[in-house]
Structure formats: C-alpha cells, structure tokens
Amino acid sequence: MRATFADFTIDPPRFGNGTARYTRCHPDRDRLAIGAGGRVELDFALNGGELPEQLTLTLIARVSPLGESLGWAPIDITVNGHAVISRFTVPGGARPREVAFAVPGEALLAGLNTLCVRGRAEARGLLWLYRIGVEPSRICARMHLMAEERPAEAAVCAYRTEWRAPGAAEWRPAPRLLVHLDRGEGSLPVRLAWRGQDGAEASIGFQPAMTEFYGHRRAADGTLTEYRGVLEGRSPLRDSALEEVMHRFRTVEGRGSGGSGLRQELRLLIEDGGPPVERVIWGDPSGHSGTVSLLAAEPGPEAEVTDLVTKVRAHSEFAEVGEVAENLLHDSWHKWLGHGDRAWLEFTLRRPVAVGHYVLTSANDVPGRDPKDWTLKGSNDAEHWVDLDSRVEESFAHRHQPRGFTFGAATAYRHYRLEITRNAGEDQIQLSQVRLFTSAPQPKGFIGHYQRAGEAPTGYRGTAVSAVPEPGSTTAAPPRTVEQWRSYLAEYSATILRVADEEELSEVDDGQRAAGWLGFEGADEETILALEERLGTRLPPSYRAFLGASDGWLNISPFMWRMRPAKTVGWLREADPETWSVIRGGEGEDWDDTAFMDRALLVSEEGDAQHWLLDPADVSEDGEWAAYIWASWYPALGDRHSSFAELVAEERGGFEDQAAHEVRMGRPETAEDLVAEGRAQALRGEVRKAMATFEQAAVKGSGAGAYLGIILGAFLDISAAHHWIRTGILGDPRVLETIGMEQLRAEAAPLYLRCAAEEWTGAPGGYLSALGDILPRLPDGVDGVVGAGGVAASGAATGGDDPAAWMARAAAFAPPALPESRTFQQALDLARALADRGATDQSWAVIEAALPHWHCDSPHRIAPVVLLTDPAFRDVVTPARARRVVTTPRGEFRE
C-alpha cells in the first residue's frame, strides 16, 4: 500500500491517499484542535490483494497546557471499530511528540478502511494534532519512543575512530567523532553523511543503537579512506560543555519558504576533528530522511579573547628574520617559524578565560612545515597542565588557510599551551596566526528538506536559537504580515527620505514627509476582497498584506516610482493593454513570454520603463506567486523572485548598496552610543571588539567611529594604515567635520606620511595629494622645485600633480603635539632620551610601565599615536609592541 497521511500543519490541511472528516474539531493555525468528545476520521483504501500483517500508525501531537499546569487529553484510537489503543494520553510539554502504534492485520479490510481518533469526554484540555500517518510496518522496528523514555536520544555519542587507505591492511587512529541529531521525534539516525567547510566529506552507516559505524571519508585534499568507529560512551546534554558546542535551531517544516508548518527544535552536533560542518544528510529506521545546509557564520568579536594575550613563547623561533612567536597574534602575512618537527607554544592571558574554540592559520610556504598532530592544554600556574583538545592527522589544504577547532570548555585558564607532536614531514614548524575564542562560530540557521517514507519532500528551515535579527534589518526574513510590512516600510521610507533628492521626491507631499511614510492608508479587508472577486482568485499572502499596510506606494525603488492601489491592480492584458500588446512577444529563439504576459498580474503603475508583474501560474506551496520585473533594457524578463516580498527586499538591497555612503548616515544617537561603547572596549584593551563596534558606528553615520577604528587598526598593522586613512579619514567629510583639522594634523597626517616613507616604492607624490590643505604651501622655487605648492594670482594652489612639489611639502610638514597627561609626558621624555642613546629596550620598558596611566579627556583620542609617529620611537615600538600598546588596559580601565 502507499502511505496515507493527513498533515494539519498546512492551511488548508494536506492529505495523501485518504480523506478526513471532523466532529467537534477545528483547525487552529498549524494544527487540528480536538476537544472532549471530538473526533477525526481518516478514510484510506487497501487493494483487494493480500492484506498486510500489520500497519504502523503514527501521530504527531501535543496537549494544550492548562495555565501553568500540563494538560490532560486522553484519546481512543480505532480502525474499522477495532480498538488500537484506549485512554492513551500524549504527554504535555513545549513541543509536539511523535508516537507510534501497531494496527493488527485482523482489523483491516479490503477496500475502504476508517481510522478514528476520538477525544474522551473526561479530557481537561485540547489535543493538538499535527499529523496522522499510516504505512506498512517494516522489519527494522520503528524507534519513535518518548524522549523521556530513551536516554540515547538526549545524549551525544562519542566514537573512537580509525581510517585506512583503500586496499591497505592497517587501520590508523583518526580523530574522535561526536554525533548528536535530534528532531524532537525520538528517532536515532541509521545513516549519516556530512561535508565540512574545507570540502572534506564523510558517509557512514550505524549498527542498531548506534554502537558502531562503518563508512568512508574523502579528505579536503581528495584522499579517500575507509572509516569506522566504536561507541566509547554517551554524554548527557545537561553537560554544559556539550551544550556550548551544540547547534540548536528553531525549525519550521512545511511547504514553501514562508508557510506555516510543524514547528520543532533541531539539535545538531557533528564534530569529526575538522572544521565545522556545512551540510548534513541523514536517514532513520522508518525510511524518513532529511538534509540541511547550514548558513555559516564567522566567530563574533564578542567571543574572541586573543587581545587578552600578554605574552607568547615558543620552543624556538627565527628572531634574526623576524619570524617570531609574537607574529601569531597579528592579523598579517607574517609568521612564526621554529626548529624541528615537534614544537610548543605558550600563551599567557591577562586573566583566566574559558577558551572553547581556537583557529590556526597555515603560513605562506612549505606545506611540510604545517602542524599535523597536537594537543591544546590549559593551566593556571604554567606548571600543571590539563589536556583540553587533541588532534591527529590534520592538514591544511592551502596557504594562509584558517581552520577552527571546537571543544567543550567549562574551566577558565590563564595559560594555554599548544604542544605540536608531529608536523607534515619537514624539519621546521610554522604557523601564521593563532586566535582564541570562548565559543565556536554558530550558524545563523539552515535550509533543507525533510521527507517521510512514501511522501513527497517538504521544506525544512531553521533559525539558530540565539540568532535574533536586528529590528528593521533588511537581512531579516521578508515581511509577510501587515504589521511586518508597516515596520519594514517605515524604516525603508526613512532611508529614502534621507537620501533621495528633491527631484526624486517630487510626488511626495508634505504630510508624507512629516510622517516619514511614502505610502498611504492601508486597504481594508472589504477593498481587498473586492479586488480578489474582480480577479477571480485569492492574492498571494505577502502582496495581500502589503496592500493592507499601504494601498499603493511611492518610490519603492530608484526605477519604480508608483505602485498601484487595489482599485487599479489588474491583469496586464486588461490594466495596460497597450503595454501588453508590446511586450507579450519578442524576437529571438529564447523569447517566449507570450503565455506569461497573457496571465501576468500588473501591480506597478509608473516607473522608468519597467513593470512589476506577478505570475499566478507559478505558486509556491505557501501560496506565494513568483514576481518579476519587465524593463525595456532587459533582453527578457528579469530574475525570478519567489514572492512580491522577495522582490521588494531585493530592490531595497540594491538601492542601499548604490547609496551606501548616504544610507550609513542614519540614527546618530545610536551611533554615539556605539562610539562610547567602543571607546570603553578599546581602553580595556579589547581591540577587536572595539574595532567591530566602531565599524557598526561608522555604518550608522558616525565620523568618530570611522576615525577611531582606523587609528586602532594602525597599531595592529601600520603597513596598511595609509589605505584606511586615505579612504576612510581624508576622503570622508563626516570625519573631517567631527574630528577637526588640528587632530588630523597631529595623528592621521603623520601616520600617513610614515607609510609613505616606509611602504611605497618610488616617489609617492601622487598619493600625498590626499593630504590636501594639511601639508604646508611653499613658495615656487624652494629647493629648486618649480611649483612646490605656491598660490597663483587666482588663489589656486600650484602644486598640481608634480611629485617633487608634494614631496617638498611633506618634508616641510611639522605635526603639532597633542597634550598628554603630566605622568605620561614625563615617561615620553625619558623614553626619547633613552632611545637617542640607543637603549631601545630600556626606552620600551619606560613606555610600557606608563601605558596603564595614559588617559585623555577628548572622546576622539583612543591611544598615544605619538608612539607611532615620532621618529624617535621608530626602533623602539616594534609591531609586536604596537599591538601591546592598544591591548593594555588604560586610564580608568587599568588593572
């Protein structure tokens, strides 16, 4: 027989190979609510051949709560009047449960059969029924048991693993494998496949109860091996360390990307010793299967603690060529290189921190120097070490490749030691960078599909439990409800009104400007129903909600100036017959849009030779119609969008990309809060967090945020500072207005000139012109230079593009000195005197001792930039020491 089901997570419900009848039941959003005495009957047919010995009946259901108490709703289930189970109670709780029952063959009939689920009269709550399924029983018993009754479901399985090359006799140890996959239905996987972010893939099958597995694995470099493992133990999820590395998603299973469906939670963990997984495929004993592709995320700055490292040591390093362990803390192309095929690195932090994720980046050359086996250890006294994470047979697929490694961490340590016990074969070991994090990067969600045995696949989507989109963010899901549209369009309106010029806003009246709303009153339900009656069809959900939020719209994109109100929306052939007759056909073998144009719905009114069209023949499972733009400059229809909402979101994104600079000018009060937060982070020595916060402030329009972020970045990588200063400071009028010319002359200009002297080859005169009025103007003929920046009779500068003229102006530039506190100024004077005598280490010792006492009342100063710009300190403040300057807590935050 074919599987029979009733799916109440869809509106309207979906049925497979059967029909349903309700008594004292009612659909309630994504479920069927059955009250006391209510019942649902599902009719299904069996052919006249030999009847099956047994069928398996599954329900996905939960009981409604009674206030703060669990509900109670016992049910009776019969097939053709034969009792399958009586007075059964689905446990109450926060999520639906899947339960399975056996239907004996003697209860079945050739032809029509009737399954009845009836709520008993004594029920004290509602039974919320999500799905009913009837399918042939299989030899491999179903394992859909209650979560509370099977401890394996709520556990992480840890395997001791091995691999071997095809045809080889010897198995070699492989990294430990951790596996947990729980959809909340109590079903263990029997097969599992995954792909890592580095391209490595594995596919395995499990023995019953997941005690062993066998399969194969293809490494990132293409090496193929057999793969097997034996269960070492199960760890309960209440183990906080495992909870930290577990991926948890709120899921929706249903038809289409925005439709309602069965909402559950997916817990997922696959840790095979390599980088995080990006795709997972599995199957369970019932023949159900699923696949998810994770939306990857980088570790957030809030989790990184690399800036807390105050000292790094190595077993050896090549100091004579600058390839020292200190380079591992920098985001640069430099590296650490040590002797031998074994090594150790020790990192001392300012305070104890529980590291749970670390990133190693391969260096620039010689893959044989890459680490292959290692152990990360932790200690609080640098004498007694605890093993935290061990890796074997690791590899880096290419140069400068960062690879992340996650482990359960519950204890904070001040010292971390990376013991490398084997490299890839050379007599030296190297790395480019080491970064430390308190937690692993968490994917923001996933997309995929789920398929029950005998049924068609259905959409499966998830959002990370911790992922909460910023209100009004265009990266959030496109709006679907009237309220979502109002919020979305209000934010969009504010952006357009801030950015667009008067000509573009010519049709916007004073009332709309004052209200910050480029739309109109929303259409009422009666108006929308009248439109649907005129069209003879129900409108797609997102467009219907759009009309409810605003009956028409102005300036929805740079090329679409007016959207139609409900009263003029219509089929293209009727609403605009002249356009329809022009665009319904075309030239060329690839053009065949006649049928589409004949059925398209026209929702736009006036634009720059473009029309917005919805296709009633291309409908997703959640009722959305595909949306297109036809424009005279397109060779055919534009890209397909899954819905009207997706089209609006795409156009908004394009508009904001084009007007990026102006768009960033919003919410100055929020930007000011971010600048204050970033400044506090910077003074605490949390450089990467501060730079991320300043970047957010800059995006929201803050010139101070842009400036302070670039100044901090210069301490981390002076060689790239001229790029940031030229484009992000000298080329941004917001920064010039906020920071002021005096501070730019004292900090930004000399930083820029230092790069000109050290980094550029040839004459940098063309680049120096970015300093403009900051550099002094010189009379013509100074030092034999003609046109060295003088002023003509007209008042215009005569420097022009002459590199020699700009070089002369730069040589004559003397930056002003910004005031320092008395204590720090005295330290600077002493450090200069020591540096003049060549005592660079003693000079640095004086500076380092004074750094915690540096402070400044100006909100636009973040660090003593003089240490980078004063030539006296050029040999004193090395790149490693420059980093130490900004990672040292200063002023009120000194420790």
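A. Representation of the overall build of the protein chain in the model. Check the secondary structure of the protein chain and you find 22 helices and 39 strands. Buried residues in the protein chain amount to 53% of all 895 residues. Taking the intrachain contacts of the protein chain between residues at least 6 apart in sequence as the baseline, contacts between residues at least 24 apart amount to 68%. In the structure as shown, the protein chain presents an accessible area of about 39400 Å², 50% of it carried by carbon and sulfur atoms.

B. Spotlight on the pairing of strand β14 (residues 201-206). The two faces of β14 differ: Ala202, Ile204 and Phe206 on one face are buried, but Glu201, Ser203 and Gly205 on the other face are not. Pairing analysis gives five bridges linking strand β13 (residues 191-196) to β14, with the strands arranged antiparallel. Looking at the pairing, Trp194 lines up with Ala202 of β14. Counted between consecutive antiparallel strands, the loop separating β13 from β14 contains four residues, among which Gly199 sits at a positive phi close to 95 degrees. Where β14 folds back onto strand β15 (residues 212-218) in an antiparallel hairpin, the turn is made up of five residues, including Ala209, whose phi is positive at roughly 65 degrees.

C. Broad picture of the nonpolar core. Tyr707, Phe715, Ile725 and Ile729 are the most contacted members of the largest nonpolar core, which has 61 residues in total. Per element, the largest residue contribution to this core is nine residues, and it comes from helix α13 (residues 703-716). With residues near it in sequence (within four places) discarded, Tyr707 still touches Ile729, Val735, Ile739, Gln743, Leu744, Glu747, Ala748 and His860. Listed in part, the 42 residues of the second largest apolar core include Leu554, Met560, Ile629 and Phe644.

D. A look at the packing of aromatic side chains. Counted according to the given criterion, the structure contains 25 aromatic pairs. An angle of 70 degrees between the planes, with centres 6.2 Å apart, marks the rings of Phe206 and Phe213 as edge-to-face. Across the pair, Phe213 and Phe206 agree in class, each one buried. Where Phe596 meets Tyr628, the ring centres are 5.3 Å apart and the plane angle is 75 degrees; that geometry is what we call edge-to-face. With Phe596 in helix α8 (residues 594-599) and Tyr628 in strand β39 (residues 625-631), this pair connects stretches of sequence that are 32 residues apart. Tyr628 matches Phe596 in its accessibility class, with the two residues each being buried.

E. View of the pattern of salt bridges. This structure, assessed with the given rule, holds 49 salt bridges. As a salt-bridge pair, Arg21 and Asp43 come within 2.3 Å of each other at their nearest N and O atoms. Taken together, the residues Arg21 in strand β3 (residues 18-27) and Asp43 in strand β4 (residues 32-46) connect sequence positions 22 residues apart. With its nearest N and O atoms 2.7 Å apart, the salt bridge here joins Arg118 to Asp76. Of this pair, Arg118 sits in strand β9 (residues 111-119) while Asp76 sits in strand β6 (residues 75-79), placing them 42 residues apart in sequence.

F. How the structure looks around helix α22 (residues 879-887). For α22, the buried fraction is high: eight of the nine residues fall into the buried class. The set of residues buried in α22 consists of Ala880, Arg881, Ala882, Arg883, Arg884, Val885, Val886 and Thr887.

G. How the structure looks around the sheet that holds strand β38 (residues 610-619). Here we have four strands laid out as an open sheet, ordered β35-β36-β38-β39, and antiparallel in their pairing. Because the sheet does not close on itself, it has two edges, and the strands there are β35 (570-571) and β39.

H. Inspection of the environment of Pro173 at higher detail. Considering the arrangement of structural elements, one finds Pro173 in strand β12 (residues 172-182). Taking relative accessible area as the criterion, Pro173 reaches 57% and is therefore assigned exposed. C-alpha separation for the pair Pro173 and Glu162, spaced eleven residues apart in sequence, amounts to 4.5 Å. Excluding residues that lie within four positions of it along the chain, Pro173 makes contacts with Thr161, Trp163, Val392 and Glu393.

I. A look at the side chain of Glu532. For Glu532, the position within the fold is in helix α4 (residues 525-535). Of note is the side chain of Glu532, whose polar atom sits 3.0 Å from the backbone nitrogen of Leu539. Each residue touching Glu532, except ones within four places of it in the same chain, is listed here: Thr537, Arg538, Leu539 and Arg544.

J. Quick look at helix α14 (residues 721-730). Residues of α14 that are buried include every one of Ala721, His722, Ile725, Gly728, Ile729 and Leu730, and no others. Looking down the long axis of α14, one finds its buried residues gathered within 165 degrees of arc, a one-sided arrangement.

K. Spatial organisation of the packing of helix α2 (residues 482-499) against helix α5 (residues 541-549). Where α2 meets α5, the closest approach of the two axes is 8 Å, and the angle between their N-to-C directions is 65 degrees. The orientation of α2 relative to α5 falls into the category roughly perpendicular. The chirality of how α2 crosses α5 is right-handed. In contact with Val482, Trp485, Arg486 and Leu489 of α2, α5 contributes Ser542, Ala545, Phe546, Gly548 and Ala549. Partitioning the contact of α2 with α5 into residue classes produces six nonpolar, two polar and one charged.

L. Layout of the environment of Asp857. Within the secondary structure, Asp857 sits in the loop between α20 (840-850) and α21 (866-869). A relative accessible area of 76% places Asp857 in the exposed class. For the pair Asp857 and Ser821, spaced 36 residues apart in the sequence, the C-alpha separation amounts to 9.8 Å.

About the cut-offs
- Residue positions are given per chain, counting from 1 as you read along its sequence in written order.
- Only residues with pLDDT of 70 or above have their local features reported here, since the model is predicted, and side-chain atom pairs are shown and tallied only from 80 upward, although totals for entire chains, interfaces and linings are computed over all residues.
- Side-chain figures throughout are based on the complete set of non-hydrogen atoms in the structure, without hydrogens or water.
- To qualify as a helix, a DSSP run of H or I must reach at least 4 residues; to qualify as a strand, a run of E must reach at least 2; elements of each kind are numbered from the N terminus.
- Relative accessibility decides the category of a residue: with a 1.4 Å probe and only protein chains considered, values under 20% of the type maximum give buried, values over 50% give exposed, and everything between is partly exposed.
- Should any heavy atoms of two residues lie within 4.5 Å, those residues are counted as being in contact.
- All accessible areas in this document rest on Shrake-Rupley with a 1.4 Å probe, and a residue is counted as covered only by the protein chains that are shown.
- Pairing between two strands is assigned when DSSP locates at least 2 bridges connecting them.
- Among buried residues, the Ala, Val, Leu, Ile, Met, Phe, Trp, Tyr and Cys ones that are joined through side-chain atoms within 4.5 Å form a nonpolar core.
- Think of it this way: a Phe, Tyr or Trp ring, Trp meaning its six-membered ring, pairs with another when their centres are within 6.5 Å, and the plane angle makes it stacked under 30 degrees, edge-to-face over 60, tilted otherwise.
- Salt bridges are counted wherever a side-chain nitrogen of Lys or Arg sits within 4 Å of a carboxyl oxygen of Asp or Glu.
- Here a polar contact is recorded for every N or O atom pair within 3.5 Å, except that within protein the pair must consist of a potential hydrogen donor and a potential acceptor, and residues adjacent in sequence are included only if both atoms are side-chain atoms.
- Think of it as the arc spanned by the lines of direction from the helix axis to the C-beta atoms.
- Interaxial angle, 0 to 180 degrees, is taken between N-to-C directions of lines fitted to C-alpha atoms, where a helix line uses only the stretch in contact.
- Working rule for angles: under 35 degrees goes down as roughly parallel, over 145 as roughly antiparallel, 65 to 115 as roughly perpendicular, anything else as oblique.
- Crossing handedness is read from the near helix: turned anticlockwise from the far helix by less than a right angle, it gives a left-handed crossing, and turned clockwise, a right-handed one.
- Charged means Asp, Glu, Lys or Arg here, nonpolar means Ala, Val, Leu, Ile, Met, Phe, Trp, Tyr, Cys or Pro, and polar covers whatever is left, Gly included.

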